[in-house]
Amino acid sequence: MKPGLVAGIVVVAYLLGSIPFSYLVVRLIARKDVRQVGSGNVGATNVLRAAGKAAGVAALFLDIVKGVAAVLIARRLGAPASLQGAAAFFVMLGHCYPVWLRFQGGKGVATSAGAMGALAPPAMMLTLLVFFGVVLWRRYVSLGSILSSACFPLFVWTTQRWGWERRDPSLILSALLIGLFVIWKHRTNLERLRQGIEPRLGERRTG
């Protein structure tokens with residue numbers, strides 16, 4: 001592909017990811033700044049704490065959609081799998097570091113799930129089973145996010161080996177980079193889990 005088109009796909013993916021739906025939903029529904037509520041994270045879980053279930057579901061849905069959209073736009077423009085994987089990474093990066101909010105964003109779970117779900121649907125279905133299983137079992141969204149992010153690259157590799165996906169090392173690499181990045185974004189959650197002070201689903205966090 002032409003270098004200009006490659007750069008355009010990456011930039012569009014980043015800007016799509018930068019749309020701060022969690023911030024906008026809380027502003028619209030609760031007239032609050034989600035960055036000043038609960039954990040201060042610009043993500044669906046904190047929207048749930050700040051503005052209720054409907055707002056949390058809306059933010060989650062919109063964050064997933066922008067991840068899917070970035071990959072579909074790249075695919076529509078004829079991008080190879082490696083560039084679609086790059087679009088998945090950069091839409092997540094935009095969510096985590098949105099230019100519109102001075103690079104103060106979320107942790108990329110929903111957006112990366114949407115993007116990688118568009119790239120590797122069978123692997124994402126297995127990943128969702130891990131996520132919901134952990135959340136239902138322990139009621140820690142963060143733990144579900146961490147463990148499912150760790151499993152996702154393995155599931156991409158496995159589904160390719162089983163013939164559920166076409167074999168493409170670039171998709172495994174994209175999944176690995178995204179999974180590691182999401183885990184790194186949850187490093188403070190890991191520390192709180194270790195200390196036993198991480199809030200469970202439904203609990204409010206004040207600090």
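Residues numbered from 1 in each chain as written. Predicted model: local features only at pLDDT ≥ 70, side-chain atom pairs only at ≥ 80, totals over all residues. Heavy atoms only, no water.

### Focus: the environment of Ser145
So, point 1. With respect to the helices, strands and loops of the structure, Ser145 is situated in helix H8 (residues 141–161).
So, point 2. Overall, Ser145 belongs to the buried group, its relative accessible area being 3%.
So, point 3. If we ignore the near neighbours within four places in the chain, the residues touching Ser145 are Val109, Phe131 and His186. (Helix = DSSP H or I, 4+ residues; strand = E, 2+ residues; numbered from the N terminus. Buried < 20%, exposed > 50% of the residue type's maximum accessible area, 1.4 Å probe, protein only. Contact = heavy atoms within 4.5 Å.)

### Brief notes about the packing of helix H6 (residues 109–119) against helix H9 (residues 169–185)
So, point 1. Contact geometry of H6 with H9 gives a least axis separation of 11 Å together with a crossing angle of 170 degrees. The orientation of H6 relative to H9 falls into the category roughly antiparallel. Residues Val109, Ser112, Met116 and Leu119 of H6 lie in contact with H9, whose contacting residues are Leu171, Ser174, Ala175, Ile178 and Val182.
So, point 2. Taken together, the residues of the contact of H6 with H9 sort by class into seven nonpolar, two polar and no charged. (Axes fitted to C-alpha atoms, helices over the stretch in contact; angles between N-to-C directions. Parallel < 35°, antiparallel > 145°, perpendicular 65-115°, else oblique. Nonpolar A, V, L, I, M, F, W, Y, C, P; charged D, E, K, R; others polar.)

### Structural notes on helix H4 (residues 53–76)
So, point 1. Counted at 1.5 Å a residue, the expected span for H4 with its 24 residues is 34 Å, and the 34 Å between its end C-alpha atoms agrees.
So, point 2. All of the buried residues in H4 are Ala55, Gly56, Ala59, Asp63, Lys66, Gly67, Ala70, Val71 and Ala74.
So, point 3. Residues of H4 that are buried sit in contact with helix H1 (3–18), helix H2 (21–30), helix H3 (44–51), helix H5 (81–96) and H6.
So, point 4. Gly78 sits one or two positions beyond H4 and adopts a positive phi of about 85 degrees. (Expected span 1.5 Å × (residues − 1).)

### Here we look at the side chain of Ser170
So, point 1. Residue placement: Ser170 occurs in helix H9.
So, point 2. Side chain to side chain, Ser170 and Asp168 meet in a polar contact 2.5 Å long. (Polar contact = N/O pair within 3.5 Å; in protein donor to acceptor, adjacent residues only side chain to side chain.)

### Description of the pattern of salt bridges
So, point 1. Summed over the entire model, instances satisfying the criterion amount to five salt bridges.
So, point 2. Its salt-bridge partner being Arg194, residue Glu191 comes within 2.6 Å of it at the nearest N-O pair. Linking Glu191 with Arg194, this pair stays in helix H10 (residues 187–195), spanning three residues, or about one helical turn.
So, point 3. Of the residues examined, Glu191 reaches a relative accessible area of 32% and is grouped as partly exposed.
So, point 4. With a shortest N-O distance of 2.7 Å, Glu198 and Arg192 are connected by a salt bridge. For the pair Glu198 and Arg192, one class covers both residues: buried. (Salt bridge = Lys/Arg side-chain N within 4 Å of Asp/Glu carboxyl O.)

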